[in-house]
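Structural description and commentary
Here are the chains, one letter per residue:
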Amino acid sequence: LASIAIASLSISCKKDDGISTTTTTTTTTTLPDVYKKYSSTVTVYVDGNYVVLKSNGLPDHKSPYYKNTQWESTLYEAYNGTNSAWSQNPNKIASQNYVFKIPISPAVSSAHAETPMGPMGIALNGVPIFNQYAAGRVALTTEINSFDQYGGHPAQAGDYHYHVEPLYLTGKNGKSSLIGFLLDGYPVYGPQENGKTITNSDLDTYHGHTAATTEYPGGIYHYHITSESPYINGVGFYGTAGTVTN
């Protein structure tokens, strides 16, 4: 959907002859072009002040976690990454029913709420983005060894997700490409900008900064992926977060 009507205003007035006429004005909010970069498997539309994204959360790339699933014949691939300590967790990928509501016009928050355990954003292929913690808000030191060759893994409910760089997306689109959006409506970019690899020291406490990007040539606050913790987001959302259900 490119646009939807979100408000309608009717105004009555009288002509000089006393006859009343009614004029109806409709306000339309258009889906920003940047959201058209989402995979065709993600349903995207505008609802009031939010962009709604519906996804089954299934990664569009191969993974060892597709073993013993209905997608095994086309999407299973044994681990072939570079982590010598890799160890597959016991979970397998399952379809989900995510509904993300993200502010269409992001705004900085004075509260800077802590990111939730579970989805804090959604990548362009419909896969959720998680924060820098494993269960219990502990460091990913051990859990990171279960990430497949594309940087993701499923939790107990089969909900596949990324805590770190989604290597399939950056491999396909480039290291400085748009990765997706966090719940506060601010975009997430890969680990490079203008040919430079971004480090934590280049970013603020929320793991972002304001600069021009391909999609926002006039500049916008955005998050960057880095190779060290906290990877995608820092101490909380820069903006006011929307919602996600599953």
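This text gives an overview of the structure that appears in the document. Per chain, the residues get numbers from 1 upward, laid out in the order the sequence is written. With the structure being a predicted model, the display of local features is reserved for residues of pLDDT at least 70 and the display and counting of side-chain atom pairs for 80 or more, all residues being used for whole-chain, interface and lining totals. Excluding hydrogens and water, the side-chain figures rest on all heavy atoms present in the structure.

**Focus: the side chain of Glu 165**
Within the fold, Glu 165 resides in the loop between β11 (160-162) and α2 (167-173). A distance of 2.7 Å separates polar atoms of two side chains, one belonging to Glu 165 and the other to Thr 170. We define a polar contact as two N or O atoms separated by no more than 3.5 Å, with the added condition that, inside protein, one atom must be a possible hydrogen donor and the other a possible acceptor, whereas residues neighbouring each other in sequence contribute only through side-chain atom pairs. Side-chain polar atoms of Glu 165 contact the side chain of Lys 175, separated by 2.6 Å. Only heavy atoms matter for contacts: two residues are in contact if any of them lie within 4.5 Å across the pair. If we skip the residues at most four places from it in the chain, Glu 165 touches Tyr 150, Gly 151, Thr 170, Lys 175, Pro 191 and Ile 225. Numbering of helices and strands starts at the N terminus; helices are DSSP runs of H or I of at least 4 residues and strands are runs of E of at least 2.

**Comments concerning the packing of aromatic side chains**
Pairing of aromatic rings covers Phe, Tyr and the six-membered ring of Trp, with a centre-to-centre limit of 6.5 Å; geometry is then stacked below 30 degrees between planes, edge-to-face above 60, and tilted otherwise. For the structure on display, the rule yields twelve aromatic pairs. Each ring, one from Tyr 150 and one from Tyr 168, has its centre 5.6 Å from the other, and the planes form 85°; the classification is edge-to-face. Taken as a pair, Tyr 150 in the loop between β9 (138-139) and β10 (152-154) and Tyr 168 in helix α2 lie far apart in primary sequence, 18 residues in all. The interplanar angle of 90° and the centroid separation of 5.6 Å between the aromatic rings of Tyr 221 and Tyr 223 together place this pair among those described as edge-to-face. There is no split in this pair, since Tyr 221 and Tyr 223 are both buried. In this structure an aromatic cluster arises from ring pairing among Tyr 186, Tyr 206, Tyr 221, Tyr 223 and Tyr 238. Lysine NZ or arginine CZ positioned within 6 Å of the ring centre and within 35 degrees of the ring normal marks a charge as sitting over the ring. Lying across the ring of Tyr 76, Lys 67 places its NZ or CZ 5.0 Å from the centre. It is Lys 101 that lies over the ring of Tyr 50; its NZ or CZ is 5.2 Å from the centre. The cut-offs for exposure are 20% and 50% of the maximum accessible area for each residue type, with area from a 1.4 Å probe on protein chains only; residues under the lower value are buried, those over the upper are exposed, and the others partly exposed.

**Side note on the pairing of strand β5 (residues 98-103)**
Two strands pair under a simple rule: DSSP has to find at least two bridges between them. Bridge count between strand β4 (residues 50-55) and β5: six bridges; the pairing is antiparallel. Its bridge partner being in β5, Leu 53 is matched across the sheet by Phe 100. Direction of pairing for β5 relative to strand β18 (residues 243-245): antiparallel, over a ladder of three bridges. Within β18, the residue paired with Phe 100 across the bridge is Val 244.

**Digging into the nonpolar core**
In these notes, a set of buried Ala, Val, Leu, Ile, Met, Phe, Trp, Tyr and Cys residues joined through side-chain atoms within 4.5 Å is what counts as a nonpolar core. Counting 50 residues, the largest nonpolar core has Tyr 35, Tyr 38, Val 44, Leu 53, Ile 102 and Tyr 223 as its most contacted members. Going through the elements one at a time, β3 (43-47), β4, β5, β6 (121-123), β11, β12 (178-182), β13 (187-189) and β17 (220-224) are the ones with two or more residues in this core. For this core, the leading source of residues is β12, giving four residues.

**Observations regarding the environment of Asp 204**
By the secondary structure assignment, Asp 204 is in the loop between β15 (196-197) and β16 (208-211). When the C-alpha positions of Asp 204 and Gly 234 are compared, they lie 8.2 Å apart, and in sequence the two are 30 residues distant. One polar contact links the side chain of Asp 204 to the main-chain amide nitrogen of Tyr 206, over a distance of 2.8 Å.

**As for the sheet that holds β5**
Spatially, the four strands line up as an open sheet ordered β3-β4-β5-β18, and their pairing is antiparallel. The open sheet has two free edges, formed respectively by β3 and β18, since each of these has just one partner strand. Averaged over all adjacent pairs, the angle separating strand axes in this sheet is 15°, with direction ignored. As judged from the five bridges shared by β3 and β4, these two strands associate in the antiparallel manner. Bridged to Thr 43 within β4 is Lys 54. Axes, fitted as lines to C-alpha atoms, cover a helix only where it is in contact. Angles between the N-to-C directions of the axes lie from 0 to 180 degrees.

**So, the side chain of Thr 170**
Structurally, Thr 170 can be placed in helix α2. A residue is classified by how much of its surface remains accessible, and Thr 170, at 4% relative accessible area, is buried. Sequence-distant contacts of Thr 170, that is, excluding residues within four places in its chain, are made with Glu 165, Lys 175, Ser 177, Ile 179 and Pro 191.

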